[in-house]
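What the coordinates show
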Amino acid sequence: MRLTKHIYIFSNSTGETAERVIRATLAQFDTTDVKVHRKSYLKTLDDIRNAVEDVAKRPGLIVFTLMHRAHVAELNAEVDRRGLVSFDVITPIIEKMEDFLGLPARRMPGVIYKVDEDYIRRLDAVNFTVKHDDGQNPQDLEKADIVLVGVSRTSKTPLSMYLAGKGYKVANIPLVEGLVPPEQLFQIDQGRIIGLVQDVQQLIKIRISRMRNMKQNLRGRYTEYDNVESELLFSRRLFRENPKWMVVDMSNKAIEEAAAEIMRKFQ
């Protein structure tokens, strides 16, 4: 019967970087008799000493990604004193990179984890935006960073998704002439609401293109000039009645350009 091997990850931050390296390495071996333990957020020399003392009770390989030189020196001293084995994952790479770039490393714990946090934030924003597209779940509007409103085909959805990719939770509400928007729209911070407008002729072209792609009948009020103009006038009246709403004209404007205009307001 094989004895279980223990690997201990020492880190000034979460230890996630080192664990990924260890897991990837272990995948090259035909064994499951390995347990990986994390010793995270080691901030002081006492933290290092206490962590090594724990390892000494059930010895194994120490793999570390310590950013501070004093911590590395203390760990090496404790490991030698107790006859343990350790491996430095990050220092040799940092030193090689310093030589190559001709720059000193910041040696800041948790930098990669902060990148991961940003990724998770953007992922949460995308999930929120998908669930609140086209007027869905208006009861959650207070949780949105940005709320886009406009008549059909004024680029609410593509603009929402682009902003979500930048980390903003976005909801969008379609405006339909003759129908009152959801009451929640007027109960949230009005500075978060963005009204979208469009040139009449351009909007008609966009709608016709949409109908063709869906193989639907092009004739109807949805693409008639008078009706489209009336819809836009309805939306503009609503925007004037709510002066705290920012209005963005989407005519001849790329999604990226409109998004930059909106983000400037919120930054």
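The preceding data block contains the structure.
Below is a short write-up of the structure. All figures in this text were calculated on a predicted structure; none of them were measured in a lab. (Residues numbered from 1 in each chain as written. Predicted model: local features only at pLDDT ≥ 70, side-chain atom pairs only at ≥ 80, totals over all residues. Heavy atoms only, no water.)

1. With respect to the overall build of the protein chain
Heads up, the condition is: By the criteria applied, helices consist of DSSP H or I runs no shorter than four residues and strands consist of E runs no shorter than two, each listed in order from the N terminus. It is over C-alpha atoms that the radius of gyration is taken, and the globule rule equals 2.2 Å times the number of residues to the power 0.38. Each residue is placed in one exposure class: buried if its accessible area under a 1.4 Å probe, protein chains only, is under 20% of its type's maximum, exposed if it is over 50%, and partly exposed if it falls in between. Only the protein chains shown count as cover for residues, and the accessible areas themselves come from Shrake-Rupley with a 1.4 Å probe. Within this scheme the basic residues Lys and Arg register as positive and the acidic residues Asp and Glu register as negative, but His and the chain ends are omitted. In plain terms, the charge of a residue is placed at NZ if it is Lys, CZ if Arg, CG if Asp and CD if Glu.
A count of helical and extended segments in the protein chain gives nine helices and eight strands. For the protein chain, whose C-alpha radius of gyration is 28 Å, the value lies well above the compact-globule estimate of 18 Å for 267 residues. Overall size of the protein chain, expressed as C-alpha extent along the three principal axes, is 85 × 40 × 40 Å. Counting only residues that meet the buried cut, the protein chain has 40% of its 267 residues in that class. Of the roughly 15800 Å² of accessible surface on the protein chain, a fraction of 52% belongs to carbon and sulfur atoms. Counting 41 positive and 37 negative side-chain charges, the protein chain places the centres of these two groups 2 Å from one another.

2. A word on helix α3 (residues 69-82)
To keep things clear, this is the line we draw: Multiplying 1.5 Å by the helix residue count minus one yields the expected span of that helix. Directions pointing from the helix axis toward each C-beta atom define the arc. Here a residue-residue contact requires only that any non-hydrogen atoms of the pair lie within 4.5 Å.
For α3, with 14 residues, the first-to-last C-alpha span of 20 Å sits near the 20 Å given by 1.5 Å per residue. Residues of α3 that are buried: His-71, Val-72, Glu-74, Leu-75, Glu-78 and Val-79. The buried side chains of α3 occupy one side of the element, clustering within an arc of 165° when seen end-on. Seen from the buried face of α3, the exposed residues on the opposite side, beyond 90 degrees, are Arg-69, Asp-80 and Arg-81. If you follow the buried residues of α3, they end up packed against β1 (5-11), α2 (45-57), β3 (61-65), β4 (85-88) and α4 (91-101). Phi turns positive, to about 70°, at Gly-83, one or two residues after α3.

3. Remarks on the nonpolar core
For clarity, the cut-off: We define the nonpolar core as a collection of buried residues of types Ala, Val, Leu, Ile, Met, Phe, Trp, Tyr and Cys that are connected through side-chain atoms lying within 4.5 Å of one another.
Ranked by size, the top nonpolar core spans 22 residues in total, and within it Leu-141, Val-147, Val-149, Leu-175, Leu-185, Ile-193 and Trp-245 carry the most contacts. At the level of elements, β5 (146-150), β6 (170-174), β7 (193-197), α7 (200-213) and α8 (225-241) are the ones that each hand at least two residues to this core. Once residues within four sequence positions are removed from consideration, Leu-175 is found in contact with Val-149, Gly-150, Val-151, Ser-152, Pro-181, Phe-234, Ser-235, Leu-238 and Phe-239. Counting 15 residues, the second-largest nonpolar core is a separate cluster that includes Leu-159, Val-170, Ala-258 and Met-263.

4. Focus on α8
In a regular helix each residue adds 1.5 Å, so 17 residues correspond to 24 Å; α8 covers 24 Å between its end C-alpha atoms and thus fits that length. Residues Asn-227, Val-228, Glu-231, Leu-232, Phe-234, Ser-235, Leu-238 and Phe-239 constitute the buried set of α8. Projected down its long axis, α8 carries its buried residues within an arc of 150°, all on one side. Exposed and oriented more than 90 degrees from the buried face of α8 are Asp-226, Arg-240 and Glu-241. The secondary structure elements touched by the buried residues of α8 are β5, β7, α7 and β8 (246-249).

5. Focus: a nonpolar patch on the surface
Spelled out, the test is: Patch construction takes residues with relative accessible area above 30% that form no salt bridge. Like charges are linked within 9 Å, and nonpolar side chains (Val, Leu, Ile, Met, Phe, Trp, Tyr) are linked within 5 Å. Whenever Lys or Arg places a side-chain nitrogen within 4 Å of a carboxyl oxygen from Asp or Glu, that contact is recorded as a salt bridge.
A grouping of Ile-93, Met-97, Phe-100, Leu-101 and Leu-103 is seen on the molecular surface, where their side chains present a nonpolar patch of about 560 Å² in accessible area. Examined against the element boundaries, Met-97 turns out to sit in helix α4.

6. Some words on the sheet that holds β5
What counts, and what does not: Strands pair, by our definition, only if DSSP identifies at least two bridges between them. To obtain each axis, a line is fitted to C-alpha atoms, and for helices this fit is confined to the stretch in contact; angles are then taken between N-to-C directions over 0 to 180 degrees.
Read across the sheet, four strands follow the order β6-β5-β7-β8 without closing on themselves; strand pairing throughout is parallel. Both edges of this open sheet fall to β6 and β8, since each of them pairs with a single strand only. Strand-to-strand twist in this sheet, taken as the mean axis angle between neighbours without regard to direction, amounts to 25°. Where β7 meets β8, four bridges bridge the pair, whose relative direction is parallel. In the strand pairing of β8, Gly-195 is matched with Val-247.

7. Considering the environment of Arg-153
Of note, Arg-153 is situated in the loop between β5 and α6 (156-165). On the accessibility criterion, Arg-153 (32% relative accessible area) is partly exposed. As for Arg-153 and Arg-207, which are separated by 54 residues in sequence, their C-alpha atoms are 6.6 Å apart. Contact partners of Arg-153, with chain neighbours within four places excluded, come to Leu-203, Ile-206, Arg-207, Arg-210 and Tyr-222.

8. Some words on the packing of aromatic side chains
We apply this condition: Stacked, tilted and edge-to-face are the three classes assigned to paired rings of Phe, Tyr and Trp, where Trp is represented by its six-membered ring and a pair needs centres within 6.5 Å; plane angles under 30 degrees give stacked, over 60 edge-to-face, the rest tilted. Two limits define a charge over a ring: the Lys NZ or Arg CZ must be within 6 Å of the ring centre, and within 35 degrees of the ring normal.
For the coordinates displayed, the defined rule picks out three aromatic pairs. Here Phe-186 and Trp-245 contribute two aromatic rings whose centre-to-centre distance is 6.0 Å and whose plane-to-plane angle is 25°, an arrangement assigned as stacked. Within this pair, whereas Phe-186 is found in the loop between β6 and β7, its partner Trp-245 is found in the loop between α8 and β8, the two being separated by 59 residues in sequence. On the basis of relative accessibility, which here comes to 36%, the residue Phe-186 falls in the partly exposed class. The rings of Phe-186, Phe-239 and Trp-245 are connected pair by pair, giving a single aromatic cluster. Looking at Lys-265, its charged tip hangs above the ring of Phe-266, at a distance of 5.7 Å from the centre.

9. Some words on the side chain of Arg-207
Operational definition: The term polar contact refers here to a pair of N or O atoms within 3.5 Å; inside protein, the definition further demands a hydrogen-donor-capable atom paired with an acceptor-capable atom, and it admits residues adjacent in sequence only when both atoms are side-chain atoms.
Within the secondary structure layout, Arg-207 lies in helix α7. In terms of polar contacts, Arg-207 uses its side chain to reach the backbone carbonyl oxygen of Tyr-222, at 2.9 Å. Polar side-chain contacts of Arg-207 include one of 2.9 Å to the side chain of Glu-231. Ignoring any residue separated from it by four or fewer positions in sequence, one finds Arg-207 in contact with Val-151, Ser-152, Arg-153, Tyr-222, Thr-223, Val-228 and Glu-231.

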